[in-house]
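Observations on chain architecture
The primary structure of each chain is shown beneath.
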Amino acid sequence: MNTEKIILPDHDAVIFDMDGTLVDSMWMWKKIDIDYLKRYGVAAPHDPQQIEIIQKEIEGMSFTETAIYFKEKFKITDSLEQIKQDWNQMAYEKYCHEVALKPGAAPFLSYLHKNGCKIAIASSNSRKLIQAVLESQGIASYFEAIVTSCDVKAGKPAPDVYLEAAKLLNLNPCDCVVFEDIPAGIMAGKAAGMTVFAVEDEFSEPLREKKLALADGWVRDYTDFI
């Protein structure tokens, strides 16, 4: 792909989803969910079909919406704030020391920054974990705005998080390009009126055809732009 034609000068900003898009982190959440539920004597579903159903149901949900889902589905007695705090504690060290950037992401971010492109994050994750991985990877300074789905009325596939990111960048949505790894995120970007590129990720590999159908383009990884 030719980055200059796709991103510059036709668009003034690039907005990244984080997990599975900018960083390779989806691998860790299944284990965290299993370990978390064990605390309450809940056996996580081992049937692949049941796991797939749960993953589909929480796809695109904000951190808070996911906490509500777990609290109601698994009868967790802790408050929503306590659930989120526990997840942050369980994931924090992994985001600081184990989660890696997607191939080519660092030079791509540097390229965009040097060429005057505004950069933002619109993620369903918690702000604490977003900040942790950006700082540990030394890329926090590239981002002019960070929006989580907890900052807006509804999580993905609603367009709210992307519309808020464009607002913070002082840009019209049509001037923004989105990179996303899951169908709900792709739909959110498209609903916001943005150009959306689907990013390949092992976690969402079974959804590849759906992602291709929804998105404006496909990105194997960011080395495609280098």
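The numbering scheme is per chain: residues are counted from 1 as the chain's sequence reads. Thresholds applied to this predicted model are a pLDDT of at least 70 for local features of residues and 80 or more for the giving and counting of side-chain atom pairs; totals over whole chains, interfaces and linings are not thresholded and use all residues. Computation of side-chain values covers all heavy atoms of the structure but excludes hydrogens and water.

Note: two strands are recorded as paired if DSSP finds a minimum of 2 bridges between them. Every helix listed is a DSSP run of H or I at least four residues long, and every strand listed is a run of E at least two residues long, numbered separately from the N terminus. Pairing within the open sheet is parallel, and its 6 strands lie in the order S5-S4-S1-S6-S7-S8. Of all strands in the sheet, those bounded by a partner on one side alone are strand S5 (145–148) and strand S8 (217–219). Ignoring which end each strand starts from, the neighbouring axes of this sheet average 25° apart. By the bridge criterion, 4 bridges tie strand S4 (residues 118–123) to S5 in an arrangement that is parallel. Bridge pairing in S5 links Ser123 to Thr148. For helices, the fitted axis covers only the stretch in contact; all axes are lines through C-alpha atoms, and the angles between them, taken along N-to-C directions, range from 0 to 180 degrees.

Let us now look at helix H7 (residues 127–136). Of the residues making up H7, those classed as buried are Leu129, Ile130, Ala132, Val133 and Leu134. Whether two residues are in contact is decided by their heavy atoms, any of which lying within 4.5 Å being enough. Buried residues along H7 sit in contact with strand S2 (23–24), helix H2 (26–38), helix H5 (80–97), S4 and S5. A positive phi of about 70° marks Gly138, the residue just after H7. Burial classes: relative accessible area under 20% of the type maximum marks a residue as buried, over 50% as exposed, and values in between as partly exposed (1.4 Å probe, protein chains only).

Structurally, Gly217 can be placed in strand S8. The class of Gly217 is buried, set by a relative accessible area of 18%. Each C-alpha atom of the pair Gly217 and Phe179 lies 9.6 Å from the other, and the pair is 38 residues apart in sequence. Beyond its immediate stretch of four places on either side in the chain, Gly217 contacts Val196, Phe197 and Ala198.

Formed by 50 residues in total, the largest nonpolar core has its most connected members in Phe16, Leu22, Tyr95, Leu134, Phe143 and Phe179. Considering every element that reaches this core, the biggest residue donor is H5, with 6 residues. Ignoring any residue separated from it by four or fewer positions in sequence, one finds Leu22 in contact with Phe16, Asp17, Leu101, Lys102, Ala105, Leu109, Ile121, Leu134, Ile139, Phe143 and Tyr222. Grouped together as the second largest cluster of nonpolar side chains are 23 residues, Cys176, Val178, Ala188 and Trp218 included. We define a nonpolar core as any set of buried Ala, Val, Leu, Ile, Met, Phe, Trp, Tyr and Cys residues linked to one another through side-chain atoms lying within 4.5 Å.

Centres within 6.5 Å are what make two rings of Phe, Tyr or Trp a pair, Trp counting through its six-membered ring; a difference in plane orientation under 30 degrees is then read as stacked, over 60 as edge-to-face, and the rest as tilted. Per the stated rule, a full pass over the model turns up 16 aromatic pairs. Ring geometry for Phe16 versus Phe179: centroids 5.3 Å apart, planes at 15°, classification stacked. Remark: Phe179 occurs in strand S6 (residues 176–180) and Phe16 occurs in strand S1 (residues 13–16); sequence separation between them is 163 residues. Take Phe16 and Phe179: they sit in the same class, and that class is buried. Each ring, one from Phe179 and one from Tyr222, has its centre 5.6 Å from the other, and the planes form 70°; the classification is edge-to-face.

Moving on, we get to the layout of surface pockets. Each pocket or cavity is described by its volume, and for the second largest pocket that value is around 150 Å³. Looking at the second largest pocket, the residues that line it are Asp24, Met26, Trp27, Lys102, Pro103, Asp201, Glu202 and Phe203. Amino acids are sorted into nonpolar (Ala, Val, Leu, Ile, Met, Phe, Trp, Tyr, Cys and Pro), charged (Asp, Glu, Lys and Arg) and polar (every other residue, Gly among them). Looking at the lining of the second largest pocket, its residues break down into 4 nonpolar, no polar and 4 charged. Buriedness of a pocket was judged along seven lines, with at least five required to meet protein on both sides within 12 Å; pockets are open sets of points on a 1 Å grid over the protein atoms alone, cavities are sets where a 1.4 Å probe fits but cannot get out, and lining residues have an atom within 4 Å of a point. Grid points are joined across faces, edges and corners, and a volume is the space filled by probe spheres set on the points.

This next bit is on the packing of helix H4 (residues 63–73) against H5. Taken N-terminus to C-terminus, the directions of H4 and H5 make an angle of 110°; their axes are 9 Å apart at the nearest point. As judged from the angle between their axes, H4 and H5 are roughly perpendicular. Facing Phe63, Thr64, Thr66, Ala67, Ile68, Phe70 and Lys71 of H4, the residues of H5 in contact are Leu80, Ile83, Lys84, Trp87 and Asn88. Orientation categories follow fixed angle ranges, with anything under 35 degrees roughly parallel, anything over 145 roughly antiparallel, 65 to 115 roughly perpendicular, and all other angles oblique.

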